[in-house]
Structures are given as C-alpha cells and as structure tokens.
Amino acid sequence: APLIFVSTILTHLVGGSAGREGAAIQLGGSIGNQLGSWLRLDEEDRHVMVMCGMSAAFAAVFGTPMAAAVFAMEAVFSMEVISVGVMYYAALLPCVISSLIASEFAAGFGINPESFHVVNIPELSVITGGKMVIIAVACAAVSIIFCMVLQGVSRLYTRYLPNPYVRIVAASAVIIVITLLLHTTDYMGAGNNLIEL
C-alpha cells in the first residue's frame, strides 16, 4: 500500500496520465488483504476482505457506494483472484456495508466526490438510440485498438530495451516529446479537465 501511494503521487506530480480508480482499488485491496492476514482469516474470507477494501476505497474516492461494491466484486472476479468460475455472492453485503461506511466517512471529512452536471439530455428515440449504439461500438473498437497498440508497444520495448529502467526513461522521453510537439498539457494528469468540457 505505501508503494502504491508513493508511486501514484509521483506519477501525478510529474504529469503522468493515471486515474484515481486504479490506485484506490489497489490501496483498498492491499489494506483489506493485510487486515485479513492480521486477523488470520482463511483464504475465502481474505478474498472477501480484499473485496471490502476495494469497495471502501472506491466509494471513498468517487462517492458511489453501490457501484463500488459491484465494481470491486467484478474486478476481483475478472482478475481471477478468486477461484475460476466461483463468484462470492455472499461478499456483496459486506462490500456494500464497507462502501457505505467509507463514503460517509469521506463525506464527514469534507471530501466530496467530483460531480459533473449533465444538461440538455436528448429524448430517447430511434434516432438517438441508434446514435448511442454507433458511439458504443466506436468506443469499443477504439478501446480494443488501444489495448492492441499498448501490447504491441510493450513487446517492442521489451525486445529492444530489455532493461526496465531504460524502458521507463525512454517512454518518459517519448511522452515529453509528444507533449512538446502538441503544445498542450490537456492530456497530462487525471483528465478531469477534459471531462468537464
């Protein structure tokens, strides 16, 4: 957990494009796992503790306790932290409770989640529904292409720059050059400024 916290802070300080959700999930899961270890829980109960920690951290950061509980359970399931094909539905209630407590705790300290006001929502019709389907398919295609490019670049980096520290410096140099060429810092940081547009 301390390493996750420090690396996230350093990433944000130097303008790295890193969201809060990944760090929150990792921190919460790490703390939950450590608590489970201290309490000497068995493997299944430690998985529940990990999910509760993930839910609590996500809810504290984003103020969405119900989404946090479901998201943490889905994230753990998809990462195959739990047994393949087994979903701990019994963990839903503890995850919801930890999410609600964490959300209220954060709000009690005056830490309120960022909210975006949506205005001018069009009426649902065949045309707007069709547009949403087209946008959804386009977003899915872009995300698939993006993941493929990331994997390809990662393989190239590993092949031509076997030293991980050299890869970090090379990737940082590429990002700096791209930022200077584009003459903008819009894409640095968490990206909340772009969402607000």
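Residues numbered from 1 in each chain as written. Predicted model: local features only at pLDDT ≥ 70, side-chain atom pairs only at ≥ 80, totals over all residues. Heavy atoms only, no water.

As a further point, take the overall build of the chain. Helix and strand content of the chain: eight helices and zero strands. For the chain, the sequential pattern of α-helices and β-strands runs α-α-α-α-α-α-α-α. Counting only residues that meet the buried cut, the chain has 23% of its 197 residues in that class. With the model as given, the accessible surface of the chain reaches about 14,000 Å², and the carbon-plus-sulfur share is 71%. (Helix = DSSP H or I, 4+ residues; strand = E, 2+ residues; numbered from the N terminus. Buried < 20%, exposed > 50% of the residue type's maximum accessible area, 1.4 Å probe, protein only. Areas by Shrake-Rupley, 256 points an atom, 1.4 Å probe, with all protein chains shown as cover.)

Our next topic: the environment of proline 65. Mapped onto the elements of the fold, proline 65 is located in helix 4 (residues 65-78). The exposure class assigned to proline 65 is buried, which follows from its relative accessible area of 16%. Apart from residues no more than four positions distant in its own chain, proline 65 is found in contact with Ala59, Ser99, Leu100 and Ser103. (Contact = heavy atoms within 4.5 Å.)

All right, on to the packing of aromatic side chains then. By the definition in use, this model includes two aromatic pairs. Measuring from centroid to centroid gives 4.7 Å for phenylalanine 58 and phenylalanine 62, while their planes differ by 40 degrees, and the two rings are tilted. Separated by four residues within a single helix, phenylalanine 58 and phenylalanine 62 lie in helix 3 (residues 43-62), roughly one turn from each other. You can call phenylalanine 58 buried: its relative accessible area is 11%. (Phe/Tyr/Trp six-rings, centres within 6.5 Å; stacked < 30°, edge-to-face > 60°.)

Glancing now at a nonpolar patch on the surface. On the surface, Phe5, Val6, Ile9, Leu10 and Leu13 cluster together into a nonpolar patch covering about 510 Å² of accessible area. Structurally, phenylalanine 5 is set in helix 1 (residues 2-13). (Patch = residues over 30% accessible without salt bridge, like charges linked within 9 Å, V, L, I, M, F, W, Y side chains within 5 Å. Salt bridge = Lys/Arg side-chain N within 4 Å of Asp/Glu carboxyl O.)

Turning next to a negative patch on the surface. Among the surface-exposed residues, Asp42, Glu43, Glu44 and Asp45 lie close enough to one another that they form a single negatively charged patch. Looking at the secondary structure, you find glutamate 43 in helix 3. (Lys, Arg positive; Asp, Glu negative; His and termini not counted. Charge placed at Lys NZ, Arg CZ, Asp CG, Glu CD.)

Residue position: serine 99 is located in helix 5 (residues 92-108). Classification of serine 99 by relative accessible area gives buried; the value is 0%. Within the local environment of serine 99, its side chain forms a polar contact with the backbone oxygen of cysteine 95, the two atoms lying 2.8 Å apart. Beyond its immediate stretch of four places on either side in the chain, serine 99 contacts Ser55, Ala56, Ala59, Pro65, Ala68 and Ala69. (Polar contact = N/O pair within 3.5 Å; in protein donor to acceptor, adjacent residues only side chain to side chain.)

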